Amino acid sequence: MAIIRAFHDGMIAHVCMGGNISNSFSVTVGVKQGCVLAPTLFNIYLAVVTLLARYESDVNDSIAVNYHLDGNLLYPQRLKAKTKARTSYVFDMQYPDDAAYPAPNLQSLQRNLDTVNSIYSAGGLVLNASKTEVLPIEHNTAVPILPFTIGDEDLKTAESFKYFGSILSVTCDTKNEIQTRIRLASSSFEKLSKRVLLNRHLTVQTKIKVYHAICLSILLFGSETWTLYKAQIRRLEGFHIRCLQAILNITWHDRILHVTILQNASTFSIESMIVRR
């Protein structure tokens, strides 16, 4: 520890702008840029701050997840067996450069925000209120939503926002997500149409491989988390069939069954692809 502190104690820096160098100033927060120890030190520091915030939080303000490691995963009756079922409490979900803080109700969320803000502030970190949004899931509209705050700053309450490429909404509905996925996949299909997908000098097998690698990857991004209904599956299947018809140079006047189109393209239906994921 003494060696690591010796690397950072008394650290000074200059700012170079337009060929001019500023006067030196002391650096009391952060690690050295380019230092091989910097990533490890930051990960340790962030883990400690996160654990402190978790210890200060009430377990009733977290999301309880009941699970078991034996038997059928989709058999909820087994979760009632206290001897085999386990419970984990989710306080936060951290990603590379983001974090999500779930809570069972509005009051719990504000308490969690206060706890995290106090712990992070004590550790020299600042929560950016302008980049923080609140998404109330299945909220009772009869109860007004009071503004959530970080310190003295109010947080924006959103009805939906994009997170890691997926659309999250207050109703947990995948309608907007399906529309976005179809629009993005359709755009990629159009960009590839002239040179690849509708190019008569390429084989159908090559076109289908490109279609799978790009268009279907965009269309089914995050589909493992979707809860789909028949109407939504029909929309996805309709887009899939239209793309295959264009690749195979088939029109609706040909009156070819969808099953035959899938067989000719050596591919599967959208529903089958989602189930296989």
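Presented here is a report on the structure given in the accompanying data block. (Residues numbered from 1 in each chain as written. Predicted model: local features only at pLDDT ≥ 70, side-chain atom pairs only at ≥ 80, totals over all residues. Heavy atoms only, no water.)

Some thoughts on the overall build of the protein
When you go through the protein residue by residue, the secondary structure sums to eight helices and 14 strands. Taken over the C-alpha trace, the protein has a radius of gyration of 26 Å; the compact-globule value for 277 residues is 19 Å, which it surpasses by more than 25%. Each of the three principal axes of the protein carries a C-alpha extent, and together these read 75 × 65 × 40 Å. Burial statistics for the protein: of 277 residues in total, 29% are counted as buried. Relative to all contacts within the protein whose residues are 6 or more apart in sequence, the contacts with residues 24 or more apart total 53%. Put simply, the protein shows about 19,300 Å² of open surface, and 57% of that area lies on carbon and sulfur atoms. Averaging the positions of the 28 positive and the 22 negative side-chain charges in the protein gives two centres separated by 13 Å. (Helix = DSSP H or I, 4+ residues; strand = E, 2+ residues; numbered from the N terminus. Rg over C-alpha atoms; globule rule 2.2 N^0.38 Å. Buried < 20%, exposed > 50% of the residue type's maximum accessible area, 1.4 Å probe, protein only. Contact = heavy atoms within 4.5 Å. Areas by Shrake-Rupley, 256 points an atom, 1.4 Å probe, with all protein chains shown as cover. Lys, Arg positive; Asp, Glu negative; His and termini not counted. Charge placed at Lys NZ, Arg CZ, Asp CG, Glu CD.)

Describing the pairing of strand 13 (residues 160–163)
For strand 13 and strand 14 (residues 166–169), the ladder comprises four bridges, and the chain directions are antiparallel. Across the sheet, Ser160 pairs through a bridge with Ser169, a residue of strand 14. Counted between consecutive antiparallel strands, the loop separating strand 13 from strand 14 contains two residues, among which Phe164 sits at a positive phi close to 55°. (Pairing = 2+ DSSP bridges.)

Some remarks on the packing of aromatic side chains
Within the structure shown, the criterion is met by one aromatic pair. With 6.3 Å between their ring centres and 85° between their planes, Phe189 and Tyr211 make a pair best called edge-to-face. Of this pair, Phe189 sits in helix 4 (residues 175–197) while Tyr211 sits in helix 5 (residues 204–219), and the two are 22 residues apart along the sequence. For Arg276, the ring lying beneath its charged end belongs to Phe268, and the centroid distance is 4.0 Å. (Phe/Tyr/Trp six-rings, centres within 6.5 Å; stacked < 30°, edge-to-face > 60°. Lys NZ or Arg CZ within 6 Å of the ring centre and 35° of its normal.)

A word on helix 5
Maximum bend of helix 5: about 35°, positioned at His212. Residues Lys207, Ile208, Tyr211, Cys215, Leu216 and Leu219 constitute the buried set of helix 5. Against the buried residues of helix 5 lie helix 4, helix 6 (230–248), helix 7 (258–265) and helix 8 (270–276). (Bend = angle between axes of the 7 residues up to and from the residue.)

As for the packing of helix 2 (residues 38–56) against helix 3 (residues 106–122)
Viewed as axis vectors pointing N to C, helix 2 and helix 3 meet at an angle of 140°, and their least axial separation amounts to 9 Å. What the angle tells us is that helix 2 and helix 3 run oblique. At the point where helix 2 passes helix 3, the crossing takes the right-handed sense. For the pair formed by helix 2 and helix 3, the contact residues are Leu46, Val49, Thr50, Leu52, Ala53 and Glu56 on the first element and Thr115, Val116, Ile119 and Tyr120 on the second. In terms of residue class, the contact of helix 2 with helix 3 is made up of seven nonpolar, two polar and one charged. (Axes fitted to C-alpha atoms, helices over the stretch in contact; angles between N-to-C directions. Parallel < 35°, antiparallel > 145°, perpendicular 65-115°, else oblique. Left-handed = near helix turned anticlockwise from the far one by under 90°. Nonpolar A, V, L, I, M, F, W, Y, C, P; charged D, E, K, R; others polar.)

What to know about unusual backbone geometry
Positive phi, normally seen in glycine, also occurs at Asn249, with a value near 60°. The exposed category is assigned to Asn249, whose relative accessible area is 57%. Within the chain, Arg255 stands out as a residue other than glycine whose phi angle is a positive 50°.

Some thoughts on the environment of Ile233
Inspection of the secondary structure puts Ile233 in helix 6. For Ile233, a relative accessible area of 17% translates into the label buried. Each C-alpha atom, one on Ile233 and one on Ile274, is 10.0 Å from the other, the two residues being 41 residues apart in sequence.

Structural notes on helix 2
With 19 residues, helix 2 should reach 27 Å at 1.5 Å per residue; the first-to-last C-alpha distance of 27 Å fits that figure. All buried positions along helix 2 are accounted for by Ala38, Val49, Thr50 and Ala53. The arc enclosing the buried residues of helix 2, seen along the axis, measures out at 100°, which places them on a common side. Among the exposed residues of helix 2, those pointing more than 90 degrees away from its buried face are Asn43 and Tyr55. Looking at the buried residues of helix 2, the elements they touch are strand 7 (93–94) and helix 3. (Expected span 1.5 Å × (residues − 1). Arc of directions from axis to C-beta.)

What about the nonpolar core?
Within soluble globular proteins, side chains that are nonpolar generally end up buried alongside one another. In this structure, Phe189, Leu197, Tyr211, Leu219, Leu236, Leu244 and Ile270 are the most contacted members of the largest nonpolar core, which totals 28 residues. When sequence neighbours within four positions are dropped, the list of residues in contact with Tyr211 reads Phe189, Leu197, Leu216, His240, Cys243, Leu244 and Ile247. Membership of the second largest hydrophobic core comes to seven residues, among which are Leu109, Ala129, Val134 and Ile150. (Core = buried A, V, L, I, M, F, W, Y, C linked by side-chain atoms within 4.5 Å.)

Some points on the packing of helix 4 against helix 6
At their nearest, the axes of helix 4 and helix 6 sit 11 Å apart, and the two run at 5° to each other. Between helix 4 and helix 6, the angle falls in the class roughly parallel. Seen from helix 4, the contacting residues are Lys175, Ile178, Gln179, Ile182, Ala185, Ser186, Phe189 and Leu197; seen from helix 6, they are Gln232, Arg235, Leu236, Phe239, Cys243, Ala246 and Ile247. Its residues placed into classes, the contact of helix 4 with helix 6 shows 10 nonpolar, three polar and two charged.

Observations concerning a nonpolar patch on the surface
Residues Ile44, Val48, Leu51, Leu52 and Tyr55 make up a contiguous nonpolar surface patch of about 500 Å² in total accessible area. Note on Leu52: relative accessible area 42%, which makes it partly exposed. (Patch = residues over 30% accessible without salt bridge, like charges linked within 9 Å, V, L, I, M, F, W, Y side chains within 5 Å. Salt bridge = Lys/Arg side-chain N within 4 Å of Asp/Glu carboxyl O.)

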